[in-house]
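# Chains, contacts and geometry: an overview
Chain by chain, the residues run as shown.
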Amino acid sequence: MIFWDFFGLCMANGGNSHTGGVGCGRCQFLSRWRLARNRVVVRARKHLSVSSDHGGASPGFFDRLRAFYLRSDAAKGYVLLSPVMLTMIALLAAPLILLVLYSFWTQVGLKVDTNWTGDRYRELIEKQAYVDIFWRSIQMSGLVTLVTVGLAYPMAYFVAFGVKKNKFIWLILLTIPFWTSYLLRAFSWKIILGYNGVINSGLISLGAIQEPLSFLLYNQTAVVITLAHAYAAFAILPIYVSLEKIDRTLLEAAADLGDGAWARFWRVTFPLSLPGVIGAAVLIFVPTTGDYVTPALVGGPTGQMIANLIQIQFLKIGDWPLGSALAISAMAGVAILVMLFATALQLAVRRIR
Amino acid sequence: MADNIIRIEKVTKQFAGGAKAVDDAHFNVERGEFFSLLGPSGCGKTTLLRMIAGFEFPSEGEIYIDNQASSLIPAYQRPTNMVFQSYAIFPHLNVFDNIAYGLRKSGLSGGELKRRVNEALGMIKLDGFGARRGDQLSGGQRQRVALARALVKRPKVLLLDEPLGALDKKLREEMQIELRQLQKSVGITFVFVTHDQEEALSMSDRIAVMVKGKVLQIAPPQELYEAPGNVEVASFIGSINLIDVTVKSVGAGEAVLDGAGFGQLRARAIDDLKAGEKLVAAVRPEKLALVSSRPGSGSFVEGTVKASAYLGDRSHYHVFVKGRTTPIYVAAQNAERAMTGGFDTAKSVYVTWDWQSLILLRR
Amino acid sequence: MSAKPAHAPARMGDPGSGLKLFAIAYLIFIYGPVLFLPLFSFNDSIFVAFPLTSFTTKWYEQAFADEKMIGALISSLQVGGIVAVTSTILGMFGAKAVTRYQIPGQGLITATIMLPLFIPEIILGISLLILINSVGISLSLITVTIGHIMLCTPFAMAVLSSRLHGFDRSLEEASMDLGETPWMTFWRVTFPLAAPGIVSSLLLTFIVSFDEFLLSFFLAGQEPTLPVYIWSQLRFPNKLPSVLALGALILIASCVLVVVAEWVRQLGTSEQKVGV
């Protein structure tokens, strides 16, 4: 790994690192050599600064650049940050810009007509089915968000305030699902809710029902249950972090001022944990609105969401501009809703005194 | 010309979007000197030290270390070493390896390395602690290890960034004496950053007072205290009473002044004093004394005791003088044992002083 | 909501025992459904249904006899390895920059880098697909790798930033003060101190890449990654048991890696507390 701290250093005396054992002969040689070279560099620099007075501009340039680099914290930071930034510009920003561009173009056969047009967006608004699916997606993930955050809050509260020993084990237990295969977690619901699945076969073998229940799988409820389960862990961590940060003496102060347990929770704990709640809600609402796997697996015809529509445009029909317009409008719509929601919640909580 | 190991020439450091952390600093540090940078937190003293060390680079000006222009030489190529405020003991290395860190870099190994490190351990009285990890040491021991780690490199200048700040009072006082002795015995120039004026006064050969990025005065401790160069230095070092005065006349080495609430005052003249000039006369609280009856001669002023505090070896009084908004602050030595007495609140008293203790300062 | 602080708590905000029951129920909710995968993977029936018949390991044998599956597994391992190393290196650069320097606009930059965590994967997938199509590269494991690097770098940077925040910047300065170059300072001080974070970052980014489905779904060409292969097998009911077997193995492997990653990270921080 080349560390960009070296940017400045390389300009002074070239790369001079090697990973050999410290204190080895080569090291000693190198350091002596470096010392000698530095003397030369210093002498040369003196010489250069004199000569640049006579109008020799180019040698002074690197000295000045180096001086600027050394003096500026920001320059060093940006240089160090540049690999990540360039990666993200190339792989995140550029594609998103292209996506926006595509949404204003037209698919003609296998080619794309790059004349600007708002037709794709008009198409979306005019076709009731698209609008319906959009609202359906919003409603479903709104419900998922509500359920998930509602269930996660007490859980996070328990870990933050109730667990004294081995908190770490609880935290690991709650983070494992975050990292493990989402596909497989969603898939497990398919085998649970299926026509010949776990629930139906279980109930039949217990004698509770004769015929399999057909309403379990392939509908909106199945999607909501699966998403709520799949995203459960996502909500806990932000809420937990905001609860954990609360200074316990604040609660003592509230008690000292006459608040009972409920009042303390409602007037101190909850408002202070709000950033976590909002964070959790956003972290669930945004990706679930755009979720593809779950509706594709357990949604059936009535449980399809916006992402399924986008996928069809891209991989089946091949109308990329229309797919792009769908994606952009969905993102914009979700962004607006999220901002409205966060503002509304903050305003509501400000009324708690 | 003195032998200057460090020359700071018109050095200014401006951080992006911020005020000047160091503003046009210009001074020298002599070889073998114990030099302190003293100032309140955020005054730029640490930034200045970090520029000498090579962690920050001046926006303007030049720093010469041992006559080499160094402002753009990175830390690892400078003949300076530093004792960090947090000590920065490498947590993944034991004491021996911490002290050996810089020596290994210089290519030392085997017996020579061992000898040098053990010598350093002896110097800081931690023989046999080599195998301990940093987390098994007390604060004072960590401070010593940091010191040894820097000194073992035999730097031309040792930089110390508030090295005693984290220690408790008693240990700090012990370390002040030890550090001073150590500096004399190794003969290395120390540049010592502190916000503790007593620390700076007791240890340093010379002190630079910094306030808001500016170096206000550089002087030996006694001069700094007894003859501060301006009002800011006077009020930063110790406590002081300030009296606004107007010059009435200037005689041979003596000036006659008119002070608000004090009437006519005498003080030693300073250069270029002109009649009618407005100045500040300053006097340290311990140069003042309280008496209950009007003195026959000398400098004095009448006042009323507003508040008093008994501190054992001395007592502090706030004396209200007519014509002044701020009280006069008097620190009286309790030279005699007295279970009662002192000066009660609301009592009318006279504040007296030797006229030569007044210091004239320009705003 | 039942976040109910109990009466007369030992400590302020202590919840009652009712909440503990809730917490246990919650864990069962999280882990219960997933457990059906390993359960039915040992069931000797082509149908994933009760009652269980008899114990068998034949689905595992069947899964591993599938050469396409082995191919996809190898692809996923390769992609995961490259992604883990690349994004950890990138994350190290970024983490060092944001923790060691005052950078104007840092908040905005960090937010941009973290953006992939907040954008639905389908959007990331289609926009990368458009980019790759516009540049004219054909879809392959390379395009999958590129997509995964974009997705994993924010994770790496987050893990490493918190690690680098955890130790005093003056440790690195002390090293340079003692004469080490930035490069050797990295190896002698930063690297050993950040090692738990680095290990953790490598493991976590590997898991994210290995388990990632949707980006690969859009970006894979002829060679599928393991999740894409599993997806393609879901259409065939007779393949279901061996998919279960495979899924169970992946879940267990992921769990182990996550636990190790978190454990290493935690180990590092508790050492750190007394260390500095």
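Residues numbered from 1 in each chain as written. Chains lettered and ligands numbered in written order. Predicted model: local features only at pLDDT ≥ 70, side-chain atom pairs only at ≥ 80, totals over all residues. Heavy atoms only, no water.

## With respect to the overall build of chain B
- Helix and strand counts for chain B stand at eight helices and 20 strands.
- The principal-axis extents of the C-alpha atoms in chain B amount to approximately 80 × 50 × 40 Å.
- In chain B, which comprises 363 residues, the proportion classed as buried is 52%.
- Restricting the contact set of chain B to residue pairs at least 6 apart, pairs at least 24 apart contribute 65%.
- Summed over all atoms, the accessible surface of chain B reaches about 16200 Å², with 48% contributed by carbon and sulfur. (Helix = DSSP H or I, 4+ residues; strand = E, 2+ residues; numbered from the N terminus. Buried < 20%, exposed > 50% of the residue type's maximum accessible area, 1.4 Å probe, protein only. Contact = heavy atoms within 4.5 Å. Areas by Shrake-Rupley, 256 points an atom, 1.4 Å probe, with all protein chains shown as cover.)

## Notes on the pairing of strand E16 (residues 299–310) of chain B
Residue and element names in this part refer to chain B.
- Both E16 and strand E19 (residues 348–353) contribute to a ladder of six bridges, which runs antiparallel. For Val301, the partnering residue across the bridge sits in E19 and is Val351.
- Between E16 and strand E17 (residues 314–320), which pair antiparallel one after the other, the connecting turn spans three residues, and Gly312 there sits at a positive phi close to 90°. (Pairing = 2+ DSSP bridges.)

## Overview of the domain arrangement of chain B
Residue and element names in this part refer to chain B.
- Split by domain assignment, chain B resolves into domain 1 (4–235) and domain 2 (240–361).
- Placing a centre on the C-alpha atoms of domain 1 and another on those of domain 2 gives a separation of 39 Å.
- The interface of domain 1 with domain 2 comprises nine residues on the first partner and eight residues on the second.
- The largest share of the area that domain 1 buries against domain 2 comes from Tyr225, Val231 and Ala234, three residues that together contribute 61% of it.
- At the junction of domain 1 with domain 2, the criterion picks out one salt bridge.
- Among the ionic pairs, Glu226 bridges to Lys287, the shortest N-O distance being 3.2 Å.
- Counting the contacts that link domain 1 with domain 2 gives four residue pairs in polar contact (both at pLDDT 80 or more).
- The set of elements that each furnish at least two residues to the side of domain 1 that touches domain 2 consists of helix H7 (221–226) and helix H8 (231–236).
- Here the side of domain 1 that touches domain 2 is composed, by residue class, of five nonpolar, three polar and one charged. (Domains from an automatic or database assignment. Buried area = accessible area lost by both parts, 1.4 Å probe. Salt bridge = Lys/Arg side-chain N within 4 Å of Asp/Glu carboxyl O. Polar contact = N/O pair within 3.5 Å; in protein donor to acceptor, adjacent residues only side chain to side chain. Nonpolar A, V, L, I, M, F, W, Y, C, P; charged D, E, K, R; others polar.)

## Some details on the side chain of Gln311 of chain A
- Looking at the element boundaries, Gln311 of chain A is found in helix H15 (residues 306–317).
- Sequence-distant contacts of Gln311 of chain A, defined by excluding residues within four places in its chain, comprise Tyr292 and Lys316 of chain A together with Ile122, Phe217 and Phe218 of chain C.

## Brief notes about the interface of chain C and chain B
- With 22 residues of chain C in contact, the opposing surface of chain B contributes 24 residues.
- Across the chain C to chain B interface the summed buried area is about 2100 Å²; carbon plus sulfur atoms make up 59%.
- In terms of surface lost to chain B, no three residues of chain C exceed Asp177, Leu178 and Arg188 of chain C, which account for 35% of the buried area on that side.
- Counting every contact that joins chain C to chain B gives two salt bridges.
- Notably, a salt bridge pairs Glu180 of chain C with Lys105 of chain B, separated by 3.8 Å at the nearest N-O pair.
- Between chain C and chain B we count ten residue pairs in polar contact (both at pLDDT 80 or more) in total.
- Going through the elements one at a time, helix H7 (169–177), helix H8 (182–211) and helix H11 (240–275) of chain C are the ones with two or more residues in the side of chain C that touches chain B.

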